[in-house]
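What follows is the residue order along each chain.
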Amino acid sequence: MPIEKTEKIWMDGELVPWDEARVHVLSHSLHYGSGVFEGIRAYPTASGPAVFRLTDHIDRLLDSAKLIMMDVPYSRDELVDACRVMVRESGLDSCYVRPIAFLGYGEIGLNPLPCAVNVSIAVWPWGAYLGEESLSKGVRMKISSWKRMDPNINPVAAKGTGIYINSSLAKVEAVHAGYDEAILLNTQGFVAECTGENLFIVRKGVLVTPPLSSGALEGITRDSIMTIARDLGYEVREDNLLRHDLYLADEAFLTGTAAEIVPIRSVDDRVIGDPGEMTRKLQETYFAAVRGQVEQYRDWCENVS
Ligand code: PY5
């Protein structure tokens, strides 16, 4: 899906025309993957476009930077405000927001500490990441032969650009084999997550997701779904899962900002089937919540005006 251009991109405090938002080929992050980023969505609400859990995303961006010892030269409030400006300026009522902090031009040695830190924020309209039909029909998953990066190899709690080579390898393997998306196990053999999404299963009426110690990213959609599920009265557990738990699941789905809430139809050709009742209920409540239609989650929708 090609990126749909919008007018401007925020670059280090300036609004630059889309086509002029360039970086030097000797930027440190291009060579060594030393950047951190976020994926955020804005949705239409009764009081105009609102960015879903914007402050939580910016907090995670700053945490990612801390993990790789990058000093971001903007405060939390400045970054939150810059994202709000970008959504407002775009005139879009729903869009994807992609802030990235990266090491720019000036040093090319491996020590990142002397490098200049640049920040940009782009917004554009982005439909369903795994395809329009994914939300209603579900996706076919393959367990990858690539393991989720170990936390002592890379800080997996960071949304670090370089870490995503792991996700891309798994994604390409799955797509080449004719599947929609991959599931990564960790080096101990437990289920961690998908390439850009967390994973949930339902077994005997209980909602289960791998703990963060599995190496899964602390997804903001994951947290929203766990909160919604508990509020709806479902039992929610964080437990290690083995691959056979996926094969025997009554229901399964994945969660992420880009993908949203996507039912899983099968794992390694073991059929789970049409989206189940709990999946549909959680999906429906989530989509109402992001649009500001559920009173108790109204705070999650951060207005841009
Ligand atoms: N796990 C990984 C590895 C992710 O990259 C993401 C988000 C998630 C889980 C879900 O986190 P959250 O619910 O906070 O979004 N992935 C990005 C996204 O914007 C990039 C996807 C292309 O969804």
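Structure first, text after, so check above.
On a predicted model such as this, the values are computed, not experimentally measured, just so you know. (Residues numbered from 1 in each chain as written. Predicted model: local features only at pLDDT ≥ 70, side-chain atom pairs only at ≥ 80, totals over all residues. Heavy atoms only, no water.)

## Details of the pattern of salt bridges
Link 1 in the chain: Inspection of the entire model under this criterion finds 17 salt bridges.
Link 2 in the chain: Here Asp269 makes a salt bridge to Arg140, at a shortest N to O gap of 3.1 Å. Placement of Asp269 in the loop between strand S15 (260–267) and strand S16 (270–271) and of Arg140 in strand S8 (residues 139–143) is noted, with a sequence separation of 129 residues between them.
Link 3 in the chain: Its relative accessible area of 49% is what places Asp269 among the partly exposed residues.
Link 4 in the chain: Residue class for Arg140 comes out partly exposed when judged on its relative accessible area of 32%.
Link 5 in the chain: One salt bridge in this structure joins Glu181 and Lys171, with 3.6 Å as the shortest N-O distance. (Salt bridge = Lys/Arg side-chain N within 4 Å of Asp/Glu carboxyl O. Helix = DSSP H or I, 4+ residues; strand = E, 2+ residues; numbered from the N terminus. Buried < 20%, exposed > 50% of the residue type's maximum accessible area, 1.4 Å probe, protein only.)

## Quick notes on the nonpolar core
Link 1 in the chain: Core analysis: the largest hydrophobic core is formed by 47 residues, its most contacted members being Ile183, Leu199, Leu207, Leu246, Leu254 and Val267.
Link 2 in the chain: In terms of residues, this core owes the most to one element, helix H8 (residues 277–290), which gives seven residues.
Link 3 in the chain: Beyond its immediate sequence surroundings of up to four residues, Leu207 is in contact with Phe200, Ile201, Val202, Ile225, Ala229, Glu235, Val236, Arg237, Phe253, Met278 and Leu282. (Core = buried A, V, L, I, M, F, W, Y, C linked by side-chain atoms within 4.5 Å. Contact = heavy atoms within 4.5 Å.)

## Looking at the packing of helix H2 (residues 54–67) against helix H3 (residues 76–90)
Link 1 in the chain: The geometry of H2 relative to H3 is characterised by a closest axis approach of 10 Å and an angle of 130° between their N-to-C directions. Between H2 and H3, the interaxial angle falls into the category oblique. In the packing of H2 onto H3, the handedness of the crossing is right-handed. Contact with H2, carried on its side by Leu54, Thr55, Ile58, Asp59, Leu61 and Leu62, involves Arg76, Leu79, Val80, Cys83 and Arg84 of H3 and no other residues of that element.
Link 2 in the chain: Its residues placed into classes, the contact of H2 with H3 shows seven nonpolar, one polar and three charged. (Axes fitted to C-alpha atoms, helices over the stretch in contact; angles between N-to-C directions. Parallel < 35°, antiparallel > 145°, perpendicular 65-115°, else oblique. Left-handed = near helix turned anticlockwise from the far one by under 90°. Nonpolar A, V, L, I, M, F, W, Y, C, P; charged D, E, K, R; others polar.)

## Side note on the site of the ligand
Link 1 in the chain: Close to the ligand lie 20 residues; Tyr96, Tyr164, Glu193, Thr221 and Thr257 are nearest.
Link 2 in the chain: Tyr96 places a polar side-chain atom, nitrogen or oxygen, 2.5 Å from an oxygen atom of the ligand.
Link 3 in the chain: At 2.6 Å from an oxygen atom of the ligand is found a side-chain nitrogen or oxygen belonging to Thr257.
Link 4 in the chain: Alone, the ligand offers 520 Å² of accessible surface; in the complex the protein occludes 95% of this.
Link 5 in the chain: Of all the secondary-structure elements, those providing two or more residues to the shell around the ligand are strand S6 (95–103), helix H6 (220–231) and strand S14 (251–256). (Near = heavy atom within 4 Å. Polar contact = N/O pair within 3.5 Å; in protein donor to acceptor, adjacent residues only side chain to side chain. Areas by Shrake-Rupley, 256 points an atom, 1.4 Å probe, with all protein chains shown as cover.)

## Focus: the side chain of Thr257
Link 1 in the chain: Mapped onto the secondary structure, Thr257 falls in the loop between S14 and S15.
Link 2 in the chain: Since its relative accessible area comes to 16%, Thr257 is described here as buried.
Link 3 in the chain: Here the side chain of Thr257 touches Gly39 through a polar contact of 3.4 Å, landing on its backbone oxygen.
Link 4 in the chain: Leave out the neighbours within four places in its chain, and Thr257 touches Gly39, Ile40, Arg41, His57, Tyr96 and Thr221.

## Notes on empty space enclosed by the protein
Link 1 in the chain: Per the counting criterion, the structure on display carries one cavity of 30 Å³ or more.
Link 2 in the chain: Taken as a whole, the largest cavity encloses approximately 40 Å³ of empty space.
Link 3 in the chain: What lines the largest cavity is simply Arg41, Tyr43, Phe52, His57, Thr221, Thr257 and Tyr286. (1 Å grid on protein atoms, 1.4 Å probe; cavity = no way out; pocket = protein on both sides within 12 Å on 5 of 7 lines; lining within 4 Å. Points joined across faces, edges and corners; volume = space filled by probe spheres on them.)

## Digging into the environment of Ile165
Link 1 in the chain: Relative to the helices and strands, Ile165 is located in helix H5 (residues 164–176).
Link 2 in the chain: Its relative accessible area of 52% is what places Ile165 among the exposed residues.
Link 3 in the chain: For the pair Ile165 and Gln188, spaced 23 residues apart in the sequence, the C-alpha separation amounts to 20 Å.

## Thoughts on the packing of aromatic side chains
Link 1 in the chain: Going through the model one piece at a time under the given rule, you end up with eleven aromatic pairs.
Link 2 in the chain: Ring plane angle 10° and centroid distance 5.1 Å describe the contact between Phe200 and Phe253, whose orientation is recorded as stacked. With Phe200 in strand S11 (residues 198–203) and Phe253 in strand S14, the pair connects residues that are 53 residues apart, well separated along the chain. Comparing Phe200 with Phe253, the two get one shared label, buried.
Link 3 in the chain: Its guanidinium or amino end placed over the ring of Tyr247, Arg270 lies 4.1 Å from that ring's centre, counting from NZ or CZ. (Phe/Tyr/Trp six-rings, centres within 6.5 Å; stacked < 30°, edge-to-face > 60°. Lys NZ or Arg CZ within 6 Å of the ring centre and 35° of its normal.)

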